[in-house]
Amino acid sequence: MSLLRPLLLDVVPTIQQTVALALGRLANYNDNLAEAVVKGDILPQLVYSLAEQNRFYKKAAAFVLRAVAKHSPELAQAVVDCGALDALVISLEEFDPGVKEAAAWALGYIARHNGVLCIQEPEVALKRIAASALSNISKHSPELAQTVVDAGAIAHLCQMILNPDAKLKRQVFSALSQISKHSVDLAEMVVEAEIFPAVLACLKDPDEYVKKNVATLIREITKHTPELSQLIVNAEGVAAVIDYIGDSRGNVRLPGIMMLGYVAAHSENLAMAVIVSKGVPQLAMCLSEEPEDHIKAATAWALGQIGRHTPEHVRAVAVANVLPRLFSLYMESESSEDLQVKTKKALKSILQKCTYLPALEPLLHEAPLNILKHVVGQFSKVLPHDSKARWLFVTSGGLRKIQEIKSEPGSVLQEYINSINNCYPEEIIR
């Protein structure tokens, strides 16, 4: 050890890396050798180098820290004491995936013993760092999230949901959502800790990041299965998220908007739960208020998920006067490509189920052919069976508009037009 240590500062980078690798392998071998690395005062040097050196060295340094930390809580504590947590968390932001992975592994080993112990410390700053480390570890893969869960982290995180410290709560909710996002099993384990409905109160927290992280947690849980979504609905989570969207602006709204889309996507009943809680008018507000394209795109997607089930669902969307807005976003040249794709998709899935003709009528006069086809298609389904609608269609000028549409002979659009014209006597068509 005493011969290797000075070589960590060698001027030749490959020598530094090879030495770090050698130390890592020694420390990995057993706990006595790992202790020798700690006693040789080698860790502070490695932590310092984690910030300064190239990616090959960083990987090797993270490997040594992991090799020392894996043996026991005491050795993991020695790694924490020399300031390794901060250096490793910064390394998670590295561009090189190998460095990220090595840092995440090292944190994983520290957390196995200590992340959960640190959370139990009375010192709030320590709790924050521990929760932040658990969040960073869980983020990377289902396996790492599982190690955090196996160490009993969920119960300890959940105990701090109502802690008055906002910065701590931010990290707690972030960690819980990073655990929940990977799989149904992990999400279920978070829900089984009985955090609902207590968590919903935090959607009204004065701290924006606490609110946003709670909404993100709910989104990550609901996206997995209809059952998990139903559980949130039963806890009155949908109504709480809709209020939260109403009270927020900009990116803080985004996880709430997406959560409504995920819930509605699962089934007709769940989409109806969003409608009954007055989710559609709230989403309609977002569509008209938000300046950012990516938020409008998420809102359009969510409305499409609500409307795609049955004519009844569509009617709720149509009555909120969303269709003309979606349509104008689709047509605007300033809209981003993603926004145009999402609005077109939403329009198509809504139009294919729409039998509420007053909402369709304005689109007859403005839509381009690729959207017009779906609009005319819906009229051709409804008019043959509804005499009142047929009469209104003439008086409103809709039938006249149909005669002006230029369509290819034999096309689907032409078939729709023919079946509408067949509902009326020849002289009215003329």
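All values reported here derive from a predicted model rather than from experimental measurement. Counting of residues starts from 1 at the beginning of each chain's written sequence and follows it residue by residue. Given that this is a predicted model, residues contribute local features only at a pLDDT of at least 70 and side-chain atom pairs are listed and counted only at 80 or more, while totals for whole chains, interfaces and linings are drawn from all residues. For side-chain calculations, the full set of non-hydrogen atoms in the structure is used, while hydrogens and water are omitted.

Remarks on the overall build of the protein
To keep it simple, the criterion reads: Runs of E in the DSSP output that reach at least two residues are strands. Runs of H or I that reach at least four are helices, and both are numbered from the N terminus. Under the scheme applied here, a residue whose accessible area is under 20% of the maximum for its type counts as buried, over 50% as exposed, and between as partly exposed, the area being computed with a 1.4 Å probe on protein chains only. Two residues form a contact once any of their heavy atoms are found within 4.5 Å. Two residue types count as positive, namely Lys and Arg, and two as negative, namely Asp and Glu; His and chain ends fall outside the count. Every charge is mapped onto a representative atom, which is NZ of Lys, CZ of Arg, CG of Asp or CD of Glu.
Scanning the protein from N- to C-terminus turns up 29 helices and zero strands. For the protein, the spread of C-alpha atoms along the principal axes amounts to about 105 × 45 × 30 Å. Across the 430 residues in the protein, those meeting the buried criterion constitute 53%. Taking the contacts inside the protein whose residues are at least 6 apart along the sequence as the reference set, 67% of them involve residues at least 24 apart. If the 42 positive side-chain charges of the protein are averaged to one point and the 47 negative ones to another, these points end up 5 Å apart.

Some remarks on helix α7 (residues 84-91)
As a reminder of what qualifies: The directions from the helix axis to the C-beta atoms form the arc being described.
When we look at burial in α7, the residues that qualify are A84, L85, A87, L88 and S91. Down the axis of α7, the buried set is contained in an arc of 165°. They therefore lie on one face.

A look at the nonpolar core
Selection rule: Only buried residues count toward a nonpolar core. Its members are Ala, Val, Leu, Ile, Met, Phe, Trp, Tyr and Cys residues joined through side-chain atoms within 4.5 Å.
Ranked by size, the top nonpolar core spans 151 residues in total, and within it L88, L157 and F196 carry the most contacts. In contact with F196, other than residues within four places in its own chain, are V191, I218, I221, I232 and A235.

Description of the pattern of salt bridges
To keep things clear, this is the line we draw: For this analysis, a salt bridge means a side-chain nitrogen from Lys or Arg found within 4 Å of a carboxyl oxygen belonging to Asp or Glu.
Applying the stated criterion across every chain, the model contains 16 salt bridges. R253 is the salt-bridge partner of E289, the closest N and O atoms lying 2.8 Å from each other. Here E289 is found in helix α19 (residues 279-289), whereas its partner R253 is found in the loop between α16 (237-247) and α17 (254-266), with 36 residues between them in sequence. Taken together, the salt bridges that share partners define one network made up of R249, R253, E289 and E290.

Side note on the environment of I137
Tracing the backbone through its elements, the reader meets I137 in helix α9 (residues 124-140). Using a relative accessible area of 1% as the deciding quantity, one classes I137 as buried. Spatially, the C-alpha atom of I137 lies 23 Å from that of V199, the residues being 62 residues apart in sequence. Among residues more than four places away in sequence, those in contact with I137 are L107, G108, A111, L144 and V148.

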